[in-house]
Amino acid sequence: MDLSIIIPIYNEEDNIQMLYNRLSGVLALLERSYELIFVNDGSRDQSLRLVKDLSERDARVRFIDFSRNFGHQIAVTAGLDLAQGEAVVIIDADLQDPPELIPQLYQKLHEGYEVVYARRRSRQGESIAKKFTAKLFYRILASITSISIPVDTGDFRIISRKVVDALKQMPEQNKFIRGQISWIGYRQTYLEYDRAERAGGATGYTYSKMIRLALDGITGFSNAPLKFATISGFVVSGIAFIVMLYTLYERFVAHDYQPGWASLMVSILFLGGVQLIAVGIIGEYLSRLSANVRQRPLYIISDTNIPATSIAPAANPATHPGPVFPS
Ligand code: UDP
Ligand code: MG
């Protein structure tokens, strides 16, 4: 198998047929053996039905049906676990990532790279708030992580078998795949493209899902927020100590003091605020730590047409449980 295309699906009934047509058209020109892996992430519409219909007519269509909505990053992870291609493309189902770019990505990969990601030159049909928060997030992330995670880049990319195998050995529960791929290293490059509008349907990425992704990216690849908690703790304690000396001086030496309600309130509120921030930051890391200690499987497959025997066992079953199949 030369190429696996991984497509996470969450309520994409309006786009599946057109996506399939465009992908098949483009891949036919490439003249390589390929599979299309549709990962149905708990859709509540007709998406699964449509994908199953396609798989009956085209043996290259594989589907993985989750038992519920596990989220986009987990859906992609399942695709990576079950993909058999020598190269793997990750692409959104809503045609915001043009399938027509795949031949160029594929060609670039064969120029001696292990990762070719697609970088958005522009993005259409997205709210100003989304574009702004995305831009801000990528820049904050770039400035606080030690590895260089490319800015303005989603998961649309092609990766080689080497990188897929490396990803399968990374057992973390809170996935931020583009960060993991940067962390893995090897020769990486990019192509630029204009991100289209969503073809049909509505976005499945709610603000709470975006915030979770952003926090997973930050906590997974940076300890800067923890350092921020420590440093702000020191700064505030320092200020508080100076104010304390000043208060003692006024009280016992100068004997000039006011009933200090205002200053008391200000310092209590300020200290309380800083403490809560610090505790919150620690909590974010702690919750991820406990998720990893639990070692639950990342996802449960309720149905698939990929035979379990064709799948390599998890690289490290002790730390990574690997796919769970319906019995
Ligand atoms: N998606 C998913 N699970 C989710 C949300 C989204 O598998 O919980 C899929 C969705 O079907 C699409 C891709 O992830 O293929 C990107 O989602 P979307 O287009 O909604 O995100 P946006 O482009 O708005 O950031
Ligand atoms: Mg989209």
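- In the nomenclature of an unreviewed UniProt entry, the chain is known as Glycosyltransferase family 2 protein of Hymenobacter aerilatus.
- Under the heading Sequence similarities (unreviewed entry), UniProt records this for the chain: "Belongs to the glycosyltransferase 2 family. GtrB subfamily."
- The UniProt entry for the chain carries the following comment under Subcellular location (unreviewed entry): "Cell membrane".

### Considering the overall build of the chain
And then number 1: The helix and strand inventory of the chain stands at 10 helices and 8 strands.
And then number 2: Principal-axis analysis of the C-alpha atoms gives the chain an extent of 90 × 45 × 40 Å.
And then number 3: In the chain, which comprises 327 residues, the share counted as buried stands at 47%.
And then number 4: Taking all contacts inside the chain whose residues are at least 6 apart in sequence as the whole, residues at least 24 apart take part in 81%.
And then number 5: Carbon and sulfur atoms form 61% of the exposed surface of the chain, whose accessible area is close to 16,800 Å².
And then number 6: Distance between charge centroids for the chain: 4 Å, based on 34 positive and 33 negative side chains.

### Re the site of ligand 1
And then number 1: Neighbouring ligand 1 are 19 residues; E12, D94, Q96, T203 and G204 lie closest to it.
And then number 2: Between P8 and ligand 1, the recorded distance is 2.8 Å, taken from a backbone N or O atom to an oxygen atom.
And then number 3: At 2.7 Å from an oxygen atom of ligand 1 is found a side-chain nitrogen or oxygen belonging to K130.

### Some words on the sheet that holds strand 7 (residues 188–195)
And then number 1: What the 8 strands build is an open sheet, ordered 7-5-6-4-1-2-3-8; its pairing is mixed. In this open sheet, the two edge strands, each paired with only one partner strand, are strand 7 and strand 8 (301–304). Sheet twist, expressed as the mean angle between neighbouring strand axes with direction ignored, is 20°.
And then number 2: As paired strands, strand 1 (residues 3–9) and strand 4 (residues 87–90) are joined by 4 bridges and run parallel to one another. Paired with L3 across the two strands is A87, which belongs to strand 4.
And then number 3: The sheet strands contacting helix 1 (residues 16–30) are strand 1, strand 2 (34–40) and strand 3 (61–66), and the helix crosses strand 1 at an angle near 170°.
And then number 4: Those strands touched by helix 2 (residues 47–57) are strand 1, strand 2, strand 3 and strand 8, and its axis lies near 150° from that of strand 3.

### Some thoughts on the layout of surface pockets
And then number 1: Counted as a void, the second largest pocket has a volume near 520 Å³.
And then number 2: For the lining of the second largest pocket, the secondary-structure elements that each account for two or more residues are helix 9 (224–253) and helix 10 (261–294).
And then number 3: If one sorts the elements of the lining of the second largest pocket by residue count, helix 9 sits on top with 8 residues.
And then number 4: A per-class count over the lining of the second largest pocket returns 10 nonpolar, 5 polar and 3 charged.

### Quick word on the UniProt feature "transmembrane region" (unreviewed entry) in the chain
And then number 1: Feature annotation in UniProt assigns "transmembrane region" (unreviewed entry) to the following positions: residues 228–249 and 261–286.
And then number 2: From the first C-alpha to the last, residues 228–249 spans 32 Å; its make-up is 100% helix and 0% strand.

### Description of the coordination of the magnesium ion (ligand 2)
And then number 1: For the magnesium ion (ligand 2), the protein coordination sphere consists of D94 (OD) and Q96 (OE1), at 1.9 Å. As far as the burial class goes, D94 and Q96 line up, both buried.

### Let's talk about the packing of helix 1 against helix 4 (residues 102–109)
And then number 1: Between helix 1 and helix 4, whose axes approach to 9 Å, the crossing angle comes to 40°. Judged by the inter-axis angle, helix 1 sits oblique to helix 4. Contacts between helix 1 and helix 4 involve L23, V26, L27 and L30 from the first element and I102, P103 and Y106 from the second.
And then number 2: Residues that form the contact of helix 1 with helix 4 fall into these classes: 7 nonpolar, no polar and no charged.

### Some points on the UniProt feature "domain: Glycosyltransferase 2-like" (unreviewed entry) in the chain
And then number 1: Per the UniProt entry, the sites bearing "domain: Glycosyltransferase 2-like" (unreviewed entry) are residues 4–166 in this numbering.
And then number 2: Overall, residues 4–166 shows 42% helix and 25% strand. The separation of its end C-alpha atoms is 16 Å.

### Remarks on the packing of aromatic side chains
And then number 1: This model, assessed by the stated rule, comprises 7 aromatic pairs.
And then number 2: Taken together, a centroid distance of 5.1 Å and an interplanar angle of 20° make the contact between F66 and Y299 stacked. Here Y299 lies in the loop between helix 10 and strand 8 and F66 lies in strand 3, a separation of 233 residues in the sequence.
And then number 3: Aromatic side chains F156 and Y193 sit 5.5 Å apart centroid to centroid with 80° between the ring planes, which places their arrangement in the edge-to-face category. Residue F156 is found in strand 6 (residues 153–160), and its partner Y193 is found in strand 7; the two are separated by 37 residues along the sequence. Note on accessibility: F156 and Y193 belong to one class, buried.
And then number 4: Of the aromatic side chains, those joined through ring pairs into one cluster are F137, Y138, F176 and F221.

### A short note on empty space enclosed by the protein
And then number 1: All told, the structure shown has 2 cavities of 30 Å³ or more when counted by the stated rule.
And then number 2: In terms of lining, the largest cavity is formed by 10 residues, of which the most central are T77, L80, L167, K168 and K175.
And then number 3: Residue assignment for the lining of the largest cavity shows that the elements contributing at least two residues are helix 3 (72–82), helix 6 (161–168) and helix 7 (177–184).
And then number 4: Top element by residues in the lining of the largest cavity is helix 3. It accounts for 3 residues.
And then number 5: When grouped by side-chain class, the residues that make up the lining of the largest cavity number 4 nonpolar, 3 polar and 3 charged.

Conventions and cut-offs
- Residues numbered from 1 in each chain as written.
- Chains lettered and ligands numbered in written order.
- Predicted model: local features only at pLDDT ≥ 70, side-chain atom pairs only at ≥ 80, totals over all residues.
- Heavy atoms only, no water.
- UniProt positions renumbered as here; feature names shortened; annotations may be inferred.
- Helix = DSSP H or I, 4+ residues; strand = E, 2+ residues; numbered from the N terminus.
- Buried < 20%, exposed > 50% of the residue type's maximum accessible area, 1.4 Å probe, protein only.
- Contact = heavy atoms within 4.5 Å.
- Areas by Shrake-Rupley, 256 points an atom, 1.4 Å probe, with all protein chains shown as cover.
- Lys, Arg positive; Asp, Glu negative; His and termini not counted.
- Charge placed at Lys NZ, Arg CZ, Asp CG, Glu CD.
- Near = heavy atom within 4 Å.
- Polar contact = N/O pair within 3.5 Å; in protein donor to acceptor, adjacent residues only side chain to side chain.
- Pairing = 2+ DSSP bridges.
- Axes fitted to C-alpha atoms, helices over the stretch in contact; angles between N-to-C directions.
- 1 Å grid on protein atoms, 1.4 Å probe; cavity = no way out; pocket = protein on both sides within 12 Å on 5 of 7 lines; lining within 4 Å.
- Points joined across faces, edges and corners; volume = space filled by probe spheres on them.
- Nonpolar A, V, L, I, M, F, W, Y, C, P; charged D, E, K, R; others polar.
- Donors = N, O, S within 2.8 Å, 3.2 Å for Na, K, Ca; no water.
- Parallel < 35°, antiparallel > 145°, perpendicular 65-115°, else oblique.
- Phe/Tyr/Trp six-rings, centres within 6.5 Å; stacked < 30°, edge-to-face > 60°.

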